[in-house]
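# Geometric and topological summary
Residues per chain are reported as follows:
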Amino acid sequence: RIQLNDNGLFVTIKTLKRSKKEEGATGEIWKAKVAYEDGHIEDWIFKKDRVAGSYAMVYEATIMRHFYGDPDFVQFIGLAKEDGKYVLITQSAGDENLYHYMTHSLYEMYMGDKLEFTKFMFRVMKRLAQQGFVYGDYKLENIVVRRYGGKLFFTLVDLGFTSSHWVSASLTGTPEYFAPEI
């Protein structure tokens, strides 16, 4: 049983397993099934970043609060403290990122799926701009895919590399993808 320090919510962890390491990931991802006190069960993701650390988790949580209830963005649950460091907890957006889907899936992306993806990208960029943010880590690994009834649905994850329009000196993105001169 844990208490989320962000809102005092108590939940019980039913199952917890370490997710396989994603390409370019800088931390650990743990998937959990949790039960609320009323018996409701949800899938959560616990994210620990070994490079950016606790400050980055708090920053990402702050960004994510701007996108509550938007199905295009992974949803923020809370922050937990472990060994004096913050761990970001989000709802599970799905099991497969777009890179893996496109390279390993038995399904193809048909024209309708491609149009849905294009609309998704425009919606996400518009919503970020409306909130005053720039997302600096667009890549296939940060878009999660779910298939329901023959349709694809997309969710943007990893909002840690998001900065305000007004921050001119920040670098955003995954270090492995930076040009050598940076």
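Quick note: structure is the one above.
This is a predicted model, so every value here is computed, not measured.

Moving on: the overall build of the protein chain. A tally of helices and strands in the protein chain yields three helices and eleven strands. Start at the N end of the protein chain and walk to the C end: the helices and strands fall as β-β-β-β-α-β-β-β-α-α-β-β-β-β. Expressed as a percentage of the 182 residues in the protein chain, the buried residues total 38%. Long-range pairs, those at least 24 residues apart, make up 54% of the contacts in the protein chain with a sequence separation of at least 6. As displayed, the protein chain offers around 10,900 Å² of accessible surface, 57% of which is attributable to carbon and sulfur atoms.

Moving on to unusual backbone geometry. Phi at Asp-158 takes a positive value of approximately 60°, unusual for a residue other than glycine. Along the chain, Asp-158 falls in the loop between β10 (151–156) and β11 (162–164).

For the rest of this paragraph, the subject is the side chain of Asp-113. In this structure, Asp-113 sits in helix α3 (residues 111–131). Once residues lying within four places of it in the same chain are set aside, the contact partners of Asp-113 are Glu-108, Arg-147, Gly-150, Leu-152 and Phe-154.

This part takes up a nonpolar patch on the surface. Side chains of Tyr-99, Met-102 and Leu-140 sit close together on the surface and give an oily, nonpolar patch of about 270 Å² of accessible area. Mapped onto the secondary structure, Tyr-99 falls in helix α2 (residues 98–104).

Right, let's get into the nonpolar core. Core analysis: the biggest nonpolar cluster contains 30 residues, and Leu-98, Phe-117, Phe-120, Ile-143, Phe-154, Leu-156 and Leu-159 have the highest contact counts within it. When contributions to this core are tallied by element, the ones reaching two or more residues are α1 (53–64), β5 (76–82), α2, α3, β8 (133–135), β9 (143–148) and β10. Core analysis: the next-biggest nonpolar cluster, separate from the first, contains ten residues, Val-34, Trp-44, Ala-80 and Ile-89 among them.

So, on to the sheet that holds β9. Strand order in the open sheet formed by three strands is β7-β9-β10, and the pairing between neighbours is antiparallel. Across the chains shown, the open sheet's two edge strands, defined by having one partner strand only, are β7 (96–97) and β10. Judged from the six bridges that link them, β9 and β10 form a sheet pairing that is antiparallel. Across the sheet, the residue bridging to Val-145 is Phe-154, located in β10.

So, how was this worked out
- Residues numbered from 1 in each chain as written.
- Predicted model: local features only at pLDDT ≥ 70, side-chain atom pairs only at ≥ 80, totals over all residues.
- Heavy atoms only, no water.
- Helix = DSSP H or I, 4+ residues; strand = E, 2+ residues; numbered from the N terminus.
- Buried < 20%, exposed > 50% of the residue type's maximum accessible area, 1.4 Å probe, protein only.
- Contact = heavy atoms within 4.5 Å.
- Areas by Shrake-Rupley, 256 points an atom, 1.4 Å probe, with all protein chains shown as cover.
- Patch = residues over 30% accessible without salt bridge, like charges linked within 9 Å, V, L, I, M, F, W, Y side chains within 5 Å.
- Salt bridge = Lys/Arg side-chain N within 4 Å of Asp/Glu carboxyl O.
- Core = buried A, V, L, I, M, F, W, Y, C linked by side-chain atoms within 4.5 Å.
- Pairing = 2+ DSSP bridges.

So far we have only geometry, and geometry alone does not tell us how the molecule works.
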